[in-house]
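Reading the structure
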Amino acid sequence: MIRVQNLTKKYGDRLALDQVSFSVAGGEVVGFLGPNGAGKTTTMRILTGCLAPTSGTAEIDGKDVFEYPVQTKEKLGYLPEIPPLYGDMYVEDYLKYVGQIKRCPARQLKDQVDSCVKKTGLSQVRSRLIQNLSKGYRQRVGIAQALMNNPDVLILDEPTVGLDPAQVIEIRGLIGDLKHHHTVILSTHILSEVEANCERVIIIHQGKVAVTGELSELRQKMHQKSLSVRVEQPSSQLLSQLQALDGVKEVQDERGIYNISVSAEASNVNDLVARTVIDSGAGFLELKENKFNLEDIFIHITRSQGGGS
Amino acid sequence: MQVMFNNLGVYVRQIMALTKKDFFQIISSPMFFIILGVSCFFWSFVYVRSLIVFASESMAMPVQMAQEGGMNIHYYVFFPLLAQVNLLLLFIVPALTMRLFSEERKLQTFDLLMSSPLTSAQIVIGKFCSAYKCSFIIISVSFIYILITSLFADFNWTMPFLSYLGLLLLTAVYVSLGVLASALSSSLVLSTILGVVFNVFIWIITNQIKDISSNPIFSELVEYLNIPMHFEQFVMGKFVISSFCFFIIIVTFLIFLTVKVIDILRWR
Ligand SMILES: Nc1ncnc2c1ncn2[C@@H]1O[C@H](COP(=O)(O)OP(=O)(O)OP(=O)(O)O)[C@@H](O)[C@H]1O
Ligand SMILES: [Mg+2]
């Protein structure tokens, strides 16, 4: 559905995107991750035809975004980083206006406004001026705007910024509903959001695609278990005992808590560790298994490739 | 055929939506009413003064001369009024057009237009029409003075009508220059100043460049590009088809130029 090939963007001398390539299949929900200044917004603006790449191509539904701008944009909903709102318009008029310029058929316009208002929880504020809305409500208007033409492809740049937790869950549910019928790319800094919504992530760092893959696959690739053991009386003797165990790669002592890295192949390490600690008589308090989450993956990738920009 | 017709309908409806939004944004701003109020103040002043001058002059004339000079109300009263309306439009129009593109770019709402299925031409035409509608309202208000005059004086309607046609055509040039100025800068102040400079420029340019070369083709060209001259044709009550075409061509060209500027913005 979306295919990006060798996308490069230079702002003057500054290289913002460097040979970015990825593709997204129809019906997929993809999380677009990266530290500040990685080039997420730049990529999205190119995809939506707001910005031209220095080189490379972007395709939506097999059509180049710059060769067939009107056809591709007809299928597109875009929520920019800063919601494109006019403060001196009423919410309802604004949504109508967006529907009209996005070629929503005149007969369906009213129903479409109603359904978008309902989906984004705007019913109470639909007849208010946009400039008088709170930030969260403005963000919702921005999301409603992106949905006005029933887009096949939805590109959301940090959609849940400024929303309250209840609304975050609602928007998450909304994106969940869009799954399978729509293709969604969303950028965010909230990693739990990606874990909740997306099957796939694209992590981009310093203008390059660092990692792309299924979330579950990624976890596997990163698979590296670690254990934390808390004891009453830590001792250097216990430390060396733990280090000597089969399958243990490294042990770090953090004031009574031993963080143990375990090699992927090893089995029953938990059992061994527990037994060693109990036998040593140091006073066993707690044994915890740490699973790597997206945050660790994210930190690992962005660190290992040099500091942020 | 049916498909093409439908497409055209969609195309036009999008432009109308753009126009409507910008039109309401301009006329609902306090600035619009301030402009209208200040303009009316100036126009009333000029109108009353020239009416007094006209009255005293025709009083001094022999009866017979005054009768055949009935049409002179155009020169004595409408002419100064038109000059005043024109003078104010030089500054009003850039104030109306300044926000069309500048503000969209500054507030980053331009991405909405860019990511919508709109061509650059649709965007520019939509914005042009909205500012033109607003200018039309202002010009219509100035026409009230002519209507009031008709309550107590008999005159030939041809000249005022043609003058106003000329004014509407000239304003189309101002508006297209203002839209261009707005597209060139994302600062409201700069685009207003740029618009005024453009407008003043077209009034002085012909006098400045006509002495550059004595080449007959050059002077012919300069003569044809002389916007004040074309406007005067209409004010004098002459409908010259080439002048009419001239305005249409200039406006089309300026809109085309603005479309190119927007395309460049897209590609930057
Ligand atoms: N208009 C511009 N002119 C010059 N440089 C720009 C421009 N826009 C972005 N950049 C640069 O391009 C790089 C990528 O920016 P981009 O906005 O795409 O990052 P991002 O991933 O969206 O970051 P964030 O998470 O903060 O939103 C940054 O280094 C930024 O400084
Ligand atoms: Mg961003």
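Below or above, wherever it landed, is the structure these notes cover. Because the structure is predicted, anything quoted here is derived from the model rather than measured.

For the rest of this paragraph, the subject is the interface of chain B and chain A. Contacts between the two partners involve 20 residues from chain B, matched on the other side by 20 residues from chain A. Secondary structure elements with two or more residues in the side of chain B that touches chain A: helix 1 (2-27), helix 5 (110-114) and helix 11 (241-267) of chain B. Broken down by class, the residue content of the side of chain B that touches chain A amounts to 8 nonpolar, 8 polar and 4 charged.

This next bit is on the site of ligand 1. Residues and elements named next belong to chain A. For ligand 1, the set of nearby residues contains 13 residues, the closest of which are Tyr11, Ala16, Lys40, Thr41 and Thr42. Secondary-structure elements contributing two or more residues to the shell around ligand 1 are strand 2 (14-24) and helix 1 (40-47). Ranked by residues supplied to the shell around ligand 1, first place goes to helix 1 with 3 residues. Among the residues making up the shell around ligand 1, the classes are represented as 3 nonpolar, 7 polar and 3 charged.

Attention now goes to the pairing of strand 13 (residues 257-262) of chain A. Residues and elements named next belong to chain A. Only one face of strand 13 is covered, namely the one carrying Tyr258, Ile260 and Val262; the face carrying Ile257, Asn259 and Ser261 has none of its residues buried. Pairing of strand 11 (residues 226-231) with strand 13, which is carried by 5 bridges, proceeds in the antiparallel orientation. Looking at strand 13, one finds that Leu227 is bridged to Ile260. In this structure, strand 12 (residues 248-254) lies alongside strand 13, joined through 6 bridges in antiparallel fashion. What sits directly across from Gln252, in strand 13, is Asn259.

Residue and element names in this part refer to chain B. Where helix 7 (residues 158-184) contacts helix 10 (residues 227-235), the two axes come as close as 7 Å, and the packing angle between them is 155°. Of the possible angle classes, the one that applies to helix 7 and helix 10 is roughly antiparallel. Counted together, Leu162, Ser163, Leu165, Gly166, Leu170 and Val173 of helix 7 and Ile227, Phe231, Phe234 and Val235 of helix 10 form the full contact between these two elements. Split into classes, the residues belonging to the contact of helix 7 with helix 10 amount to 8 nonpolar, 2 polar and no charged.

Moving on, we come to the sheet that holds strand 9 (residues 200-205) of chain A. Residue and element names in this part refer to chain A. Across the sheet, which stays open at both edges, the 6 strands sit in the order 6-7-8-3-9-10 with mixed pairing between neighbours. At either margin of the open sheet sits one strand with a lone partner, and together these are strand 6 (76-79) and strand 10 (208-214). With strand direction ignored, the average angle separating the axes of adjacent strands in the sheet is 15°. Sheet analysis places strand 3 (residues 29-33) next to strand 9, joined by 4 bridges and oriented parallel. From the neighbouring strand, Leu33 faces strand 9, where its bridge partner is Ile203. Of the strands in this sheet, strand 6 and strand 7 (153-157) are in contact with helix 5 (residues 135-147), which crosses strand 6 at around 165°.

What counts as what
Residues numbered from 1 in each chain as written. Chains lettered and ligands numbered in written order. Predicted model: local features only at pLDDT ≥ 70, side-chain atom pairs only at ≥ 80, totals over all residues. Contact = placed C-beta atoms within 7 Å. Helix = DSSP H or I, 4+ residues; strand = E, 2+ residues; numbered from the N terminus. Nonpolar A, V, L, I, M, F, W, Y, C, P; charged D, E, K, R; others polar. Near = placed C-beta within 6 Å. Buried ≥ 20, exposed ≤ 12 C-beta atoms within 10 Å, placed from the backbone. Pairing = 2+ DSSP bridges. Axes fitted to C-alpha atoms, helices over the stretch in contact; angles between N-to-C directions. Parallel < 35°, antiparallel > 145°, perpendicular 65-115°, else oblique.

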